[in-house]
Amino acid sequence: MNITWLILAVILVIGAVIFLYLAEKKKKSEPQQPRQRQDPLKFADGSADFNARILGPGAIITYGAVDYVCRGAIQLRQGQYIWHEYLLDGGKGSEYLSVEYDEGQLKLGWWISRPDLDVTPEREVTVEGVRYRKTESGMGTFTSEGTTGLADSGEYEYWDMAEACGNRLFSLERYGADGPLEASLGWKILPGELKVYPAPEA
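Residues numbered from 1 in each chain as written. Predicted model: local features only at pLDDT ≥ 70, side-chain atom pairs only at ≥ 80, totals over all residues. Heavy atoms only, no water.

Observations regarding the pairing of strand E10 (residues 182–189)
In this structure, strand E5 (residues 105–113) lies alongside E10, joined through 6 bridges in antiparallel fashion. The residue of E10 that forms the bridge with Leu-108 is Ile-189. Of the pairings in the sheet, the one linking strand E9 (residues 168–175) to E10 comprises 6 bridges and is antiparallel in character. In the sheet register, Arg-168 faces E10, and the bridge partner there is Trp-187. (Pairing = 2+ DSSP bridges. Helix = DSSP H or I, 4+ residues; strand = E, 2+ residues; numbered from the N terminus.)

Re a nonpolar patch on the surface
There is a patch of nonpolar side chains on the surface, built from Ile-14, Ile-18, Tyr-21 and Leu-22 and spanning about 420 Å² of accessible area. Structurally, Ile-14 is set in helix H1 (residues 2–29). (Patch = residues over 30% accessible without salt bridge, like charges linked within 9 Å, V, L, I, M, F, W, Y side chains within 5 Å. Areas by Shrake-Rupley, 256 points an atom, 1.4 Å probe, with all protein chains shown as cover. Salt bridge = Lys/Arg side-chain N within 4 Å of Asp/Glu carboxyl O.)

Quick notes on the confidence of the model for the protein chain
Counting all residues, the mean pLDDT for the protein chain is 87, and 85% of those residues have values of 70 or more. By mean pLDDT, H1 is the weakest element of the protein chain at 68, and E9 is the strongest at 97. (pLDDT = per-residue confidence, 0-100.)

With respect to the packing of aromatic side chains
Applying the stated rule across the entire model yields 10 aromatic pairs. With a centroid separation of 4.5 Å and an interplanar angle of 40 degrees, the aromatic rings of Tyr-63 and Trp-110 are classed as tilted. With Tyr-63 in strand E1 (residues 60–63) and Trp-110 in strand E5, this pair connects stretches of sequence that are 47 residues apart. The exposure class of Tyr-63 is buried, given its relative accessible area of 16%. Assessed through its relative accessible area of 0%, Trp-110 is described here as buried. Each ring, one from Tyr-68 and one from Trp-110, has its centre 5.0 Å from the other, and the planes form 65 degrees; the classification is edge-to-face. Taken together, the residues span a long stretch of sequence, with Tyr-68 in strand E2 (residues 66–78) and Trp-110 in strand E5 at a distance of 42 residues. Relative accessible area serves as the criterion here: at 5%, Tyr-68 is assigned to the buried category. (Phe/Tyr/Trp six-rings, centres within 6.5 Å; stacked < 30°, edge-to-face > 60°. Buried < 20%, exposed > 50% of the residue type's maximum accessible area, 1.4 Å probe, protein only.)

Observations regarding unusual backbone geometry
Even without a glycine there, the phi angle at Ala-65 is positive, about 65 degrees. Mapped onto the secondary structure, Ala-65 falls in the loop between E1 and E2. Residue Ala-65 is classed as exposed on the basis of its relative accessible area of 79%. Positive phi outside glycine occurs at Glu-128, with the angle close to 50 degrees. Mapped onto the elements of the fold, Glu-128 is located in the loop between strand E6 (124–127) and strand E7 (130–146). When its relative accessible area of 55% is taken as the criterion, Glu-128 is described as exposed.

Examining the pattern of salt bridges
Using the criterion set out here, one finds 7 salt bridges in the structure. Of the charged contacts in the structure, one is a salt bridge between Glu-128 and Arg-114, with a shortest N-O distance of 2.7 Å. Residue Glu-128 is located in the loop between E6 and E7, and its partner Arg-114 is located in the loop between E5 and E6; the two are separated by 14 residues in the primary sequence. For Glu-124, the salt bridge identified is with Arg-131, shortest N-O distance 3.3 Å. Through salt bridges that share partners, Arg-114, Asp-116 and Glu-128 make up one connected network.

Put into structure tokens, the structure is as follows:
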């Protein structure tokens, strides 16, 4: 009886060794996908609070001791470049937050829509005594969700301008080929100036 158990134990051990050997051989024969290296400072700029999963309709953003509710989100795309605008309810109204990455750097802007301004795109314009110079312009596409007053998707045109020091901003946007030019005044802000409470899960 003892010999029978001994033989069974030896057979089990041999079977386990063979199984492990074949599994390791198969693993080595399979092509290994190269692992992508990760940015070690990926979250050092506070960007974790400003991605599209966190921001969106229903998110709460606190800025200057005022709580704003995100009513709608617009994703803008020009080629491989993507940035976002979040329309907010609270404060003085007609305010929105822009979020973009430029050469790996998180850039935030706080904007106030100014439909009262009648400005045409030029290389240089003066608005309320401040001189702005064109920094970039282009065309692309947009998609929207929540309350934005826009179609779900379409074409988009923009002119971005900044004062000499770069902190004060001016923008002209047109949604759709025949849409009106929409003017906005803004300024750069830092991630630490905002407190973000995530939007509810979809």
